[in-house]
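Observations on the three-dimensional arrangement
These are the residues of each chain, in order.
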Amino acid sequence: MPAFWKTLAASAALGAAFAAPAAHAQDSTTLKIAFLGSEDDEDYDGSLVFKSFVESASNGSLAVEIYPNGRFCSTEEECSEALLDGRLDIFITTNGGLAGWYPPAQFLDLPYLFPNDAVAECVFDGPLTDKLRAAVLQDVGAVRLMAISNTGGWRNIATTGKAVHGPADVAGLKLRTIPADIQIQLVEALGGSPTPIAWPEVYTSLATGVVDGTKNGITDIVNMQFQDSLKHVVLDGHAYMGALWWMNEGNFQALTDEEKRIVYTGFQELKWTARQMPKLKAVAAYEAFKAAGGEIYTPTPEEKAAFQKAAQPVWTWYEENFGRDWIDAAQSAVEECQTQLDAAFTNATQ
(Lines give C-alpha, C1' and ligand atoms only; values in the text may rest on other atoms or scores of the structure.)
Protein backbone atom coordinates (compact mmCIF):
# COMPACT_ATOMS: atom_id res chain seq x y z
CA MET A 1 0.00 0.00 0.00
CA PRO A 2 1.61 3.35 -1.04
CA ALA A 3 2.68 5.68 1.78
CA PHE A 4 0.16 8.36 0.75
CA TRP A 5 -2.76 5.99 1.17
CA LYS A 6 -1.42 4.59 4.45
CA THR A 7 -1.23 8.12 5.82
CA LEU A 8 -4.68 8.91 4.49
CA ALA A 9 -6.20 5.76 5.96
CA ALA A 10 -4.56 6.41 9.33
CA SER A 11 -5.90 9.97 9.36
CA ALA A 12 -9.36 8.66 8.50
CA ALA A 13 -9.26 6.17 11.36
CA LEU A 14 -8.20 8.90 13.79
CA GLY A 15 -10.99 11.16 12.57
CA ALA A 16 -13.54 8.39 12.97
CA ALA A 17 -12.61 8.05 16.63
CA PHE A 18 -13.81 11.61 17.22
CA ALA A 19 -16.74 11.45 14.79
CA ALA A 20 -20.17 12.86 15.55
CA PRO A 21 -22.94 10.51 16.75
CA ALA A 22 -24.26 8.08 14.18
CA ALA A 23 -26.77 9.34 11.66
CA HIS A 24 -29.41 7.03 13.11
CA ALA A 25 -29.88 9.58 15.87
CA GLN A 26 -31.79 11.48 13.22
CA ASP A 27 -34.98 10.45 11.45
CA SER A 28 -33.14 9.44 8.28
CA THR A 29 -29.66 8.73 6.98
CA THR A 30 -28.36 10.53 3.89
CA LEU A 31 -25.97 8.68 1.60
CA LYS A 32 -23.81 10.94 -0.55
CA ILE A 33 -22.52 9.69 -3.93
CA ALA A 34 -19.81 11.69 -5.71
CA PHE A 35 -17.95 11.18 -8.97
CA LEU A 36 -16.02 13.31 -11.42
CA GLY A 37 -18.04 12.44 -14.54
CA SER A 38 -21.04 14.30 -15.89
CA GLU A 39 -24.78 13.63 -16.03
CA ASP A 40 -24.15 12.09 -19.48
CA ASP A 41 -22.17 9.21 -17.95
CA GLU A 42 -23.58 5.78 -17.17
CA ASP A 43 -22.27 6.34 -13.64
CA TYR A 44 -24.95 9.00 -13.23
CA ASP A 45 -27.62 6.74 -14.78
CA GLY A 46 -26.74 4.00 -12.31
CA SER A 47 -26.73 6.46 -9.40
CA LEU A 48 -30.24 7.62 -10.29
CA VAL A 49 -31.49 4.02 -10.25
CA PHE A 50 -29.72 3.45 -6.91
CA LYS A 51 -31.30 6.57 -5.44
CA SER A 52 -34.79 5.64 -6.65
CA PHE A 53 -34.57 2.09 -5.31
CA VAL A 54 -32.98 2.89 -1.95
CA GLU A 55 -35.29 5.76 -1.08
CA SER A 56 -38.37 3.79 -2.08
CA ALA A 57 -37.41 0.49 -0.46
CA SER A 58 -36.36 2.15 2.81
CA ASN A 59 -39.62 4.10 3.04
CA GLY A 60 -37.73 7.29 3.77
CA SER A 61 -35.21 6.04 6.32
CA LEU A 62 -32.48 6.43 3.69
CA ALA A 63 -31.99 9.42 1.41
CA VAL A 64 -29.48 9.64 -1.44
CA GLU A 65 -27.72 12.75 -2.74
CA ILE A 66 -25.78 12.60 -6.04
CA TYR A 67 -22.85 14.94 -6.77
CA PRO A 68 -21.56 14.61 -10.37
CA ASN A 69 -19.08 16.88 -12.16
CA GLY A 70 -16.75 17.12 -9.17
CA ARG A 71 -19.29 19.12 -7.18
CA PHE A 72 -18.51 17.39 -3.88
CA CYS A 73 -14.78 16.87 -4.49
CA SER A 74 -12.84 18.05 -7.52
CA THR A 75 -10.07 15.44 -7.83
CA GLU A 76 -9.75 11.72 -7.26
CA GLU A 77 -7.45 12.39 -4.30
CA GLU A 78 -9.98 14.73 -2.66
CA CYS A 79 -12.82 12.27 -3.22
CA SER A 80 -10.76 9.38 -1.87
CA GLU A 81 -9.87 11.35 1.26
CA ALA A 82 -13.54 12.23 1.81
CA LEU A 83 -14.53 8.58 1.32
CA LEU A 84 -11.89 7.31 3.72
CA ASP A 85 -12.79 9.73 6.50
CA GLY A 86 -16.54 9.21 6.08
CA ARG A 87 -17.59 12.64 4.82
CA LEU A 88 -18.48 10.91 1.55
CA ASP A 89 -20.40 7.64 1.58
CA ILE A 90 -19.95 6.36 -1.98
CA PHE A 91 -17.27 6.94 -4.63
CA ILE A 92 -16.34 5.24 -7.89
CA THR A 93 -12.87 4.41 -9.18
CA THR A 94 -11.59 2.87 -12.40
CA ASN A 95 -9.23 -0.10 -12.34
CA GLY A 96 -6.37 2.39 -12.66
CA GLY A 97 -7.74 4.48 -9.81
CA LEU A 98 -7.93 1.47 -7.53
CA ALA A 99 -4.27 0.75 -8.27
CA GLY A 100 -3.43 3.96 -6.38
CA TRP A 101 -4.83 2.36 -3.23
CA TYR A 102 -3.95 -1.26 -3.87
CA PRO A 103 -1.29 -1.67 -6.60
CA PRO A 104 -1.82 -5.44 -7.13
CA ALA A 105 -5.30 -4.58 -8.43
CA GLN A 106 -3.68 -3.70 -11.74
CA PHE A 107 -4.38 -7.31 -12.71
CA LEU A 108 -7.84 -6.05 -13.69
CA ASP A 109 -6.20 -4.20 -16.59
CA LEU A 110 -4.01 -7.04 -17.83
CA PRO A 111 -4.37 -6.77 -21.62
CA TYR A 112 -6.86 -9.12 -23.25
CA LEU A 113 -7.75 -10.80 -19.94
CA PHE A 114 -11.47 -10.70 -20.71
CA PRO A 115 -12.76 -11.92 -24.10
CA ASN A 116 -16.18 -10.22 -23.97
CA ASP A 117 -18.78 -8.49 -21.80
CA ALA A 118 -20.53 -11.70 -20.77
CA VAL A 119 -17.38 -13.23 -19.32
CA ALA A 120 -16.28 -9.98 -17.64
CA GLU A 121 -19.68 -9.47 -16.01
CA CYS A 122 -19.79 -13.10 -14.87
CA VAL A 123 -16.33 -12.76 -13.32
CA PHE A 124 -17.24 -9.55 -11.52
CA ASP A 125 -20.34 -11.17 -10.07
CA GLY A 126 -18.33 -14.06 -8.65
CA PRO A 127 -15.75 -15.03 -6.04
CA LEU A 128 -12.99 -12.89 -7.57
CA THR A 129 -14.81 -9.73 -6.47
CA ASP A 130 -15.25 -11.16 -2.96
CA LYS A 131 -11.50 -11.84 -2.85
CA LEU A 132 -10.72 -8.31 -4.00
CA ARG A 133 -13.14 -6.79 -1.47
CA ALA A 134 -11.47 -8.69 1.37
CA ALA A 135 -7.97 -7.75 0.20
CA VAL A 136 -8.74 -4.03 0.04
CA LEU A 137 -10.52 -4.08 3.40
CA GLN A 138 -7.46 -5.70 4.94
CA ASP A 139 -4.81 -3.61 3.21
CA VAL A 140 -6.52 -0.20 2.93
CA GLY A 141 -9.35 -0.43 5.43
CA ALA A 142 -12.21 2.07 5.67
CA VAL A 143 -13.71 1.19 2.26
CA ARG A 144 -15.91 -1.67 1.08
CA LEU A 145 -16.27 -2.75 -2.55
CA MET A 146 -20.00 -2.87 -3.24
CA ALA A 147 -20.22 -3.61 -6.98
CA ILE A 148 -18.31 -3.52 -10.26
CA SER A 149 -20.06 -2.02 -13.28
CA ASN A 150 -18.64 -0.51 -16.47
CA THR A 151 -17.64 3.01 -17.37
CA GLY A 152 -17.24 3.53 -21.11
CA GLY A 153 -17.25 0.03 -22.58
CA TRP A 154 -13.85 -1.28 -23.75
CA ARG A 155 -10.52 0.42 -24.22
CA ASN A 156 -9.52 0.39 -27.89
CA ILE A 157 -6.66 2.05 -29.74
CA ALA A 158 -7.73 5.18 -31.64
CA THR A 159 -5.43 7.21 -33.88
CA THR A 160 -5.42 10.52 -35.74
CA GLY A 161 -3.56 9.55 -38.90
CA LYS A 162 -2.12 6.07 -39.26
CA ALA A 163 -4.64 3.22 -39.09
CA VAL A 164 -3.77 0.40 -36.68
CA HIS A 165 -4.70 -3.13 -37.75
CA GLY A 166 -2.07 -5.06 -35.81
CA PRO A 167 0.59 -4.48 -33.15
CA ALA A 168 3.26 -3.64 -35.74
CA ASP A 169 1.24 -0.55 -36.70
CA VAL A 170 1.64 0.89 -33.18
CA ALA A 171 5.42 1.18 -33.53
CA GLY A 172 6.53 4.78 -33.09
CA LEU A 173 3.09 6.18 -32.28
CA LYS A 174 2.70 8.51 -29.31
CA LEU A 175 -0.40 7.25 -27.47
CA ARG A 176 -2.05 9.03 -24.58
CA THR A 177 -2.42 6.86 -21.50
CA ILE A 178 -3.61 7.31 -17.95
CA PRO A 179 -0.73 7.55 -15.44
CA ALA A 180 -0.99 3.86 -14.52
CA ASP A 181 1.99 1.54 -14.80
CA ILE A 182 0.19 -1.24 -16.60
CA GLN A 183 -1.25 1.07 -19.26
CA ILE A 184 2.20 2.52 -19.90
CA GLN A 185 3.68 -0.98 -20.07
CA LEU A 186 1.15 -2.01 -22.73
CA VAL A 187 1.97 0.86 -25.09
CA GLU A 188 5.67 0.15 -24.69
CA ALA A 189 5.14 -3.58 -25.35
CA LEU A 190 3.37 -2.72 -28.61
CA GLY A 191 6.25 -0.50 -29.66
CA GLY A 192 4.58 2.84 -29.06
CA SER A 193 5.52 5.82 -26.93
CA PRO A 194 3.23 6.15 -23.87
CA THR A 195 2.33 9.74 -23.03
CA PRO A 196 0.35 10.30 -19.80
CA ILE A 197 -1.92 13.32 -20.25
CA ALA A 198 -4.65 14.62 -17.94
CA TRP A 199 -8.16 14.03 -19.26
CA PRO A 200 -9.08 17.73 -19.74
CA GLU A 201 -5.97 18.20 -21.92
CA VAL A 202 -6.52 15.26 -24.29
CA TYR A 203 -8.62 17.14 -26.86
CA THR A 204 -5.96 19.81 -27.39
CA SER A 205 -3.16 17.25 -27.34
CA LEU A 206 -4.82 15.31 -30.16
CA ALA A 207 -5.58 18.45 -32.16
CA THR A 208 -2.05 19.82 -31.93
CA GLY A 209 -0.23 16.54 -32.53
CA VAL A 210 1.23 16.20 -29.05
CA VAL A 211 -0.02 12.61 -29.30
CA ASP A 212 -0.97 10.45 -32.30
CA GLY A 213 -3.82 8.70 -30.56
CA THR A 214 -5.33 7.44 -27.35
CA LYS A 215 -6.76 4.32 -25.68
CA ASN A 216 -10.40 4.91 -24.84
CA GLY A 217 -13.93 3.63 -25.23
CA ILE A 218 -16.03 4.98 -28.10
CA THR A 219 -18.56 6.74 -25.87
CA ASP A 220 -15.81 8.71 -24.13
CA ILE A 221 -14.28 9.57 -27.51
CA VAL A 222 -17.54 10.97 -28.87
CA ASN A 223 -18.66 12.64 -25.63
CA MET A 224 -15.39 14.60 -25.62
CA GLN A 225 -15.54 15.33 -29.38
CA PHE A 226 -12.22 13.57 -29.94
CA GLN A 227 -13.52 12.51 -33.37
CA ASP A 228 -12.56 16.01 -34.49
CA SER A 229 -9.01 14.64 -34.61
CA LEU A 230 -9.25 10.85 -34.24
CA LYS A 231 -10.01 9.10 -37.54
CA HIS A 232 -9.29 5.42 -36.85
CA VAL A 233 -10.39 2.99 -34.14
CA VAL A 234 -9.27 -0.63 -34.01
CA LEU A 235 -11.52 -2.82 -31.89
CA ASP A 236 -8.70 -4.66 -30.18
CA GLY A 237 -10.58 -4.58 -26.84
CA HIS A 238 -7.46 -4.71 -24.69
CA ALA A 239 -9.20 -3.73 -21.45
CA TYR A 240 -12.70 -3.86 -19.96
CA MET A 241 -13.32 -0.47 -18.39
CA GLY A 242 -14.46 -1.60 -14.97
CA ALA A 243 -16.11 0.83 -12.57
CA LEU A 244 -15.62 -0.07 -8.92
CA TRP A 245 -18.17 1.31 -6.49
CA TRP A 246 -16.91 1.86 -2.93
CA MET A 247 -18.73 2.68 0.30
CA ASN A 248 -17.19 3.96 3.50
CA GLU A 249 -16.98 0.93 5.77
CA GLY A 250 -17.90 2.74 8.98
CA ASN A 251 -20.96 4.31 7.40
CA PHE A 252 -22.03 0.97 5.95
CA GLN A 253 -21.68 -0.79 9.30
CA ALA A 254 -23.69 2.00 10.98
CA LEU A 255 -26.76 0.97 8.96
CA THR A 256 -29.34 -1.43 10.33
CA ASP A 257 -29.35 -4.96 8.90
CA GLU A 258 -32.45 -4.10 6.88
CA GLU A 259 -30.82 -0.94 5.50
CA LYS A 260 -27.66 -2.86 4.60
CA ARG A 261 -29.76 -5.26 2.54
CA ILE A 262 -31.52 -2.37 0.80
CA VAL A 263 -28.22 -0.66 -0.01
CA TYR A 264 -26.71 -3.92 -1.25
CA THR A 265 -29.70 -4.55 -3.51
CA GLY A 266 -29.57 -0.95 -4.71
CA PHE A 267 -26.00 -1.52 -5.87
CA GLN A 268 -27.13 -4.57 -7.84
CA GLU A 269 -29.68 -2.36 -9.63
CA LEU A 270 -27.02 0.31 -10.19
CA LYS A 271 -24.57 -2.26 -11.52
CA TRP A 272 -27.01 -3.68 -14.07
CA THR A 273 -27.94 -0.22 -15.34
CA ALA A 274 -24.38 1.07 -15.58
CA ARG A 275 -23.30 -2.06 -17.46
CA GLN A 276 -26.02 -1.80 -20.07
CA MET A 277 -25.90 1.93 -20.76
CA PRO A 278 -22.43 1.94 -22.40
CA LYS A 279 -23.63 -0.76 -24.80
CA LEU A 280 -26.68 1.29 -25.72
CA LYS A 281 -24.79 4.56 -26.03
CA ALA A 282 -22.05 2.91 -28.10
CA VAL A 283 -24.50 2.31 -30.96
CA ALA A 284 -25.02 6.04 -31.53
CA ALA A 285 -21.38 6.83 -30.70
CA TYR A 286 -20.02 4.57 -33.43
CA GLU A 287 -22.41 6.14 -35.93
CA ALA A 288 -21.32 9.63 -34.85
CA PHE A 289 -17.66 8.65 -35.22
CA LYS A 290 -18.24 7.33 -38.74
CA ALA A 291 -20.34 10.38 -39.65
CA ALA A 292 -17.32 12.53 -38.73
CA GLY A 293 -15.24 10.60 -41.27
CA GLY A 294 -13.87 7.97 -38.91
CA GLU A 295 -13.06 4.33 -39.69
CA ILE A 296 -13.90 1.42 -37.37
CA TYR A 297 -11.73 -1.66 -37.92
CA THR A 298 -12.37 -5.13 -36.47
CA PRO A 299 -9.16 -7.20 -36.27
CA THR A 300 -9.09 -10.65 -37.84
CA PRO A 301 -8.56 -13.60 -35.46
CA GLU A 302 -4.92 -13.67 -36.57
CA GLU A 303 -4.47 -9.96 -35.88
CA LYS A 304 -6.15 -10.30 -32.47
CA ALA A 305 -3.79 -13.18 -31.63
CA ALA A 306 -0.85 -10.99 -32.67
CA PHE A 307 -2.02 -8.24 -30.28
CA GLN A 308 -2.26 -10.78 -27.45
CA LYS A 309 1.21 -12.16 -28.16
CA ALA A 310 2.75 -8.70 -28.33
CA ALA A 311 1.19 -7.82 -24.96
CA GLN A 312 2.72 -10.78 -23.10
CA PRO A 313 5.57 -8.67 -21.64
CA VAL A 314 2.93 -6.77 -19.65
CA TRP A 315 1.88 -10.00 -17.96
CA THR A 316 5.54 -10.75 -17.22
CA TRP A 317 5.99 -7.27 -15.75
CA TYR A 318 2.98 -7.77 -13.48
CA GLU A 319 4.18 -11.18 -12.29
CA GLU A 320 7.66 -9.82 -11.53
CA ASN A 321 6.16 -7.03 -9.42
CA PHE A 322 3.16 -8.68 -7.76
CA GLY A 323 3.48 -12.44 -8.19
CA ARG A 324 1.03 -14.86 -9.75
CA ASP A 325 -1.75 -15.06 -7.14
CA TRP A 326 -4.06 -12.53 -8.77
CA ILE A 327 -3.18 -13.71 -12.29
CA ASP A 328 -4.09 -17.29 -11.39
CA ALA A 329 -7.28 -16.20 -9.63
CA ALA A 330 -8.37 -14.06 -12.58
CA GLN A 331 -7.59 -16.67 -15.23
CA SER A 332 -9.37 -19.34 -13.22
CA ALA A 333 -12.43 -17.08 -12.90
CA VAL A 334 -12.43 -16.37 -16.65
CA GLU A 335 -12.20 -20.08 -17.48
CA GLU A 336 -14.98 -20.97 -15.04
CA CYS A 337 -17.28 -18.29 -16.44
CA GLN A 338 -16.56 -19.34 -20.01
CA THR A 339 -17.48 -22.92 -19.07
CA GLN A 340 -20.74 -21.72 -17.49
CA LEU A 341 -21.64 -19.62 -20.52
CA ASP A 342 -20.82 -22.45 -22.93
CA ALA A 343 -23.04 -24.81 -20.91
CA ALA A 344 -25.87 -22.26 -20.94
CA PHE A 345 -25.60 -21.99 -24.73
CA THR A 346 -25.61 -25.76 -25.13
CA ASN A 347 -28.66 -26.15 -22.90
CA ALA A 348 -30.51 -23.42 -24.76
CA THR A 349 -29.79 -24.79 -28.22
CA GLN A 350 -30.19 -28.55 -27.82
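Note: the structure precedes this text.
Below or above, wherever it landed, is the structure these notes cover. What you are looking at is a predicted structure, and each value in this text was computed from that prediction instead of being measured. (Residues numbered from 1 in each chain as written. Predicted model: local features only at pLDDT ≥ 70, side-chain atom pairs only at ≥ 80, totals over all residues. Heavy atoms only, no water.)

Topic: the pairing of strand E6 (residues 193–196)
Condition: Only when DSSP finds a minimum of two bridges between them are two strands counted as paired. Numbered from the N terminus, helices here are DSSP runs of H or I no shorter than four residues, and strands are runs of E no shorter than two. By convention a crossover is right-handed if, when the strands point away from the viewer, the path from the first strand over the helix to the second runs clockwise.
Here strand E5 (residues 174–177) pairs with E6 via four bridges, running parallel. Considered in E6, the bridge of Leu-175 is made with Pro-194. Remark: the E5/helix H7 (residues 181–189)/E6 crossover connection has right-handed handedness.

Overview of the state of the cysteines
We count it as follows: Note on terminology: pairs of cysteine sulfur atoms within 2.5 Å are recorded as disulfides. Each residue is assigned to one of three classes by its accessible area relative to the maximum for its type, calculated with a 1.4 Å probe on protein chains only: buried under 20%, partly exposed between the two thresholds, exposed over 50%.
According to the stated counting rule, one finds two disulfides in the structure shown. One disulfide bridge connects Cys-73 with Cys-79, the sulfur atoms lying 2.0 Å from each other. Judged by the sign of its S-S torsion, about 100°, the cystine formed by Cys-73 and Cys-79 is right-handed. Here Cys-122 connects covalently by a disulfide to Cys-337, the sulfurs 2.1 Å from one another. Torsion about the S-S bond of the Cys-122 and Cys-337 cystine: about -85°, corresponding to left-handed handedness. Of this pair, Cys-122 sits in helix H5 (residues 117–124) while Cys-337 sits in helix H14 (residues 325–349), and the two are 215 residues apart along the sequence. Considered together, Cys-122 and Cys-337 belong to a single accessibility category, that of buried residues. If one numbers only the bonded cysteines of the protein, in the order they occur, the disulfide pattern is 1-2, 3-4.

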